[in-house]
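Notes for the structure review
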Amino acid sequence: FPGLCFFEQVHADDEVYASFHVTAGGDLGLLLTVTAIPTDPLSVEHVVFSSPRNADGRVSFSAGEDATYQFCFENSDGQSRSVIFHLKVEDQKKRDMAQASDLDPLHRSISAAYESLQAVQEEQRYMRQRERRARNIADLMASRVHFWGAVSVLGVVAIAGWQIATLVKFFKRGRAPVV
């Protein structure tokens, strides 16, 4: 795909977390651009984040205004790619409500455990993708090593056979009778 965009409505002060992992295709590099398209007609859209071409990336920011955020992936070389994209918007109102002083310690620890669990799950997804990509590369390299190893063994055997045949011919016809 030359470019693909996702849109998310975000309110001011919400926390936005996004990550992407290219799992297959080409040199595995994509450009991620995050643009804020304000709901206020007098405001101008602006780029919030722009990444270099990477096989994976993460971005997090606090929304400065109510806007529709556009997450665009650009693929300049036109090669087909498989991408895993994860987007999480944490509502400021819910965060404030969860941090209210009237919550008892049990609720706070449950909320913290839940947030930690979500972060661990995202990290596990990322590590699984990374491990899968590394395994694919290792399998490819192993197959190349086996192929070229077999080619070199065949080459050595062929050269050894040729040398033996040459030496046998040399000694069979080269002897003169001793007087």
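In short, a report on the structure. All of these numbers come straight from a predicted model, not from anything done at the bench.

Next up on the list: the layout of surface pockets. There is about 380 Å³ of room inside the largest pocket. Around the largest pocket, the lining is made up of 16 residues, and of these Tyr17, Lys88, Gln118, Ala119 and Glu122 lie nearest the centre. Only β2 (15-24), β5 (56-62), β7 (82-90) and α2 (105-173) provide two or more residues apiece to the lining of the largest pocket. With 7 residues, the single largest contributor to the lining of the largest pocket is α2. Looking at the lining of the largest pocket, its residues break down into 4 nonpolar, 5 polar and 7 charged.

Next up on the list: the side chain of Glu15. The topology assignment puts Glu15 in strand β2. Engagement of the side chain of Glu15 in a polar contact is seen with the side chain of Ser62, the distance being 3.4 Å.

This part covers the pattern of salt bridges. Counted under the stated rule, the structure contains 4 salt bridges. One salt bridge in this structure joins Arg58 and Glu123, with 2.8 Å as the shortest N-O distance. Remark: Glu123 occurs in helix α2 and Arg58 occurs in strand β5; sequence separation between them is 65 residues. Arg58 gets classed as partly exposed once you look at its relative accessible area, which sits at 46%. One salt bridge connects Arg125 with Glu122, and the closest N-O pair in it is separated by 3.1 Å. With a gap of 3 residues between them, Arg125 and Glu122 both fall in helix α2, about one helical turn apart. On the basis of relative accessible area, Arg125 is assigned to the partly exposed category, the value being 35%. Exposure remark for Glu122: the relative accessible area of 13% places this residue in the buried category.

A word on a nonpolar patch on the surface. A cluster of nonpolar side chains, namely Ile137, Leu140 and Met141, defines an oily patch on the protein surface of about 260 Å² accessible area. Note on placement: Leu140 falls in helix α2.

This part is about the packing of aromatic side chains. Following the criterion strictly, the structure yields 8 aromatic pairs and no others. Measuring from centroid to centroid gives 5.4 Å for Phe61 and Tyr69, while their planes differ by 40°, and the two rings are tilted. The class of Phe61 is buried, set by a relative accessible area of 11%. Taking relative accessible area as the criterion, Tyr69 reaches 2% and is therefore assigned buried. Plain terms: the ring middles of Phe71 and Phe85 are 5.9 Å apart, the flat faces sit at 50° to each other, and that makes the pair tilted. With a gap of 14 residues between them, Phe71 in strand β6 (residues 67-74) and Phe85 in strand β7 connect regions that are remote in the sequence. Residue Phe85 is classed as partly exposed on the basis of its relative accessible area of 22%. Cluster of aromatic residues (ring-pair linked, three or more members): Phe6, Phe20, Phe71, Phe73 and Phe85.

Cut-offs applied
Residues numbered from 1 in each chain as written. Predicted model: local features only at pLDDT ≥ 70, side-chain atom pairs only at ≥ 80, totals over all residues. Heavy atoms only, no water. 1 Å grid on protein atoms, 1.4 Å probe; cavity = no way out; pocket = protein on both sides within 12 Å on 5 of 7 lines; lining within 4 Å. Points joined across faces, edges and corners; volume = space filled by probe spheres on them. Helix = DSSP H or I, 4+ residues; strand = E, 2+ residues; numbered from the N terminus. Nonpolar A, V, L, I, M, F, W, Y, C, P; charged D, E, K, R; others polar. Polar contact = N/O pair within 3.5 Å; in protein donor to acceptor, adjacent residues only side chain to side chain. Salt bridge = Lys/Arg side-chain N within 4 Å of Asp/Glu carboxyl O. Buried < 20%, exposed > 50% of the residue type's maximum accessible area, 1.4 Å probe, protein only. Patch = residues over 30% accessible without salt bridge, like charges linked within 9 Å, V, L, I, M, F, W, Y side chains within 5 Å. Areas by Shrake-Rupley, 256 points an atom, 1.4 Å probe, with all protein chains shown as cover. Phe/Tyr/Trp six-rings, centres within 6.5 Å; stacked < 30°, edge-to-face > 60°.

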